[in-house]
Amino acid sequence: MSIDNKIKVGILGASGYTGADLVRLAAAHPHMELTVLTANSHAGKKYADVYPHLGAMDLPDLIKIEEADWTGLDVIFCGLPHGTTQKIVAGLPKHVKVIDLSADFRLRDTATYQEWYGHEHFAPQLQKQAVYGLSEHYRQEIKAASLVACPGCYPTAALMMLLPLLAAKLLDVSSIIIDAKSGLTGAGRGLKQNTLFAEAGEGLSVYGVAGHRHAPEIEQELSKAQGSEVMVSFTPHLIPMNRGEFVSTYANLTAGASIDDIRQVLSETYQNEPFVRLLAQSAGIGTQYVRGSNQCLLSVHADRVPGRVLLFSTLDNLVKGSSGQALQNMNIMFGFEETLGLMQQPMFP
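Residues numbered from 1 in each chain as written. Predicted model: local features only at pLDDT ≥ 70, side-chain atom pairs only at ≥ 80, totals over all residues. Heavy atoms only, no water.

1. Digging into the overall build of the protein
- Assigned secondary structure in the protein consists of eleven helices and 14 strands.
- Its C-alpha atoms give the protein a radius of gyration of 20 Å, within 12% of the compact-globule value 20 Å for 349 residues.
- When the backbone C-alpha atoms are referred to their principal axes, the protein occupies close to 60 × 45 × 40 Å.
- Counting all 349 residues of the protein, 54% fall into the buried class.
- Across the protein, every contact between residues at least 6 apart in sequence was considered, and the portion connecting residues at least 24 apart equals 70%.
- With the model as given, the accessible surface of the protein reaches about 15000 Å², and the carbon-plus-sulfur share is 52%.
- Charge separation in the protein, taken as the distance between the mean sites of 27 positive and 34 negative side-chain charges, equals 1 Å. (Helix = DSSP H or I, 4+ residues; strand = E, 2+ residues; numbered from the N terminus. Rg over C-alpha atoms; globule rule 2.2 N^0.38 Å. Buried < 20%, exposed > 50% of the residue type's maximum accessible area, 1.4 Å probe, protein only. Contact = heavy atoms within 4.5 Å. Areas by Shrake-Rupley, 256 points an atom, 1.4 Å probe, with all protein chains shown as cover. Lys, Arg positive; Asp, Glu negative; His and termini not counted. Charge placed at Lys NZ, Arg CZ, Asp CG, Glu CD.)

In structure tokens form, the structure reads like this:
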């Protein structure tokens, strides 16, 4: 860290949606100095030419990764497409901390990674060092980490709700159904037919049926919390809105467990957390209440079916589901106040 108490920061893939949100959040962080911003097709451009809304910031021009000088950097955020980060991270100087927003280091088992991502893991020696970056549940490990693998947006919303409940053995794991919905930015900024306005507008569509790559990530963490192998039904959907994520989870209570037990465990788990909040049963929950913020809201209700519980969680997929959580992890890694740069309240309406 430099003597002025600022850390030198690089963002790889700074022209993507997550990269842009990292830049936006950095504007409110007193200890971040953005010194390297890379892009592919936008290399050579001023950042304001790609994202005019950030034109008031004093930012370096976009460059190609091959042109970057890593020597003066303290930390790098990797917002690159899946499958491209492993080789790049393996070639970085040892002093540079890495916060990866892709899926390249999330799965601890490299064979599972190969099965779901269709190619070998290119840095298995680094996988052993990687810490799963679900901030509220891996805080101590993140503090000592040099490589943090930030969770996907769907897993973040689902795991915030489910991890404490499985650790307390309150849910029948064989009954868990995760019904997830995301705004279109979750698909990235690249051109894809299913995210074109004419294709996605005024409609709701399912994708990745019984085969979405976030499933093994969710199951990895739930199995750890449960102490035995867990498999869930997970189905994602696209909703024609820019950002936001809403996860509805349905499950049976274990024998002797109650809704009050569910609420008590969640309340005790998150009572001192600045970004995760259990709502009163009478409160409404929706993506409009987290937009632009690093918050994750939780809501619990009894189903009409006896012994069944309805669990709802929502977050902004680009903030708590991606860039905000990455910045939260950076704060933990460097010993800053965890909320620095992240106290923007939700934009409503």
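Still more ground to cover, so stick around.
2. A word on the sheet that holds strand E3 (residues 62-63)
- With parallel pairing, seven strands are arranged side by side in an open sheet as E3-E2-E1-E4-E5-E7-E6. Of all the strands in the sheet, the pair left with one neighbour each is E3 and strand E6 (131-132).
- Where strand E2 (residues 32-38) meets E3, two bridges bridge the pair, whose relative direction is parallel. The residue of E3 that forms the bridge with leucine 37 is leucine 62.
- Here helix H1 (residues 17-26) sits on the sheet and contacts strand E1 (7-12), E2 and strand E4 (75-78); the angle it forms with E2, its principal contact strand, is near 160°. (Pairing = 2+ DSSP bridges. Axes fitted to C-alpha atoms, helices over the stretch in contact; angles between N-to-C directions.)

3. Comments concerning the packing of aromatic side chains
- If you walk through the whole model with that rule in mind, you get seven aromatic pairs.
- Measuring from centroid to centroid gives 4.9 Å for tyrosine 113 and tyrosine 117, while their planes differ by 15°, and the two rings are stacked. Linking tyrosine 113 with tyrosine 117, this pair stays in helix H4 (residues 110-117), spanning four residues, or about one helical turn.
- On the basis of an interplanar angle of 80° and a centroid distance of 5.9 Å, the ring pair of tyrosine 132 and tyrosine 138 is categorised as edge-to-face. (Phe/Tyr/Trp six-rings, centres within 6.5 Å; stacked < 30°, edge-to-face > 60°.)

4. Side note on helix H10 (residues 259-270)
- Look at H10: 17 Å from first C-alpha to last across twelve residues, which is about the 16 Å you get at 1.5 Å a residue.
- For H10, the set of buried residues is Ile259, Ile262, Arg263, Val265, Leu266 and Tyr270. All buried residues of H10 project into a common sector of 165° when viewed along the axis, lining one side. (Expected span 1.5 Å × (residues − 1). Arc of directions from axis to C-beta.)

5. Quick notes on the environment of valine 148
- Mapped onto the fold, valine 148 is located in strand E7 (residues 147-149).
- Along the chain, valine 148 and alanine 68 lie 80 residues apart, while their C-alpha atoms are 21 Å from each other.
- Residue contacts for valine 148: discarding those within four places in its chain leaves Val98, Ile99, Asp100, Val131, Gly133, Ile142, Asn329 and Met333.

Function-wise, these values are silent; they only describe arrangement.
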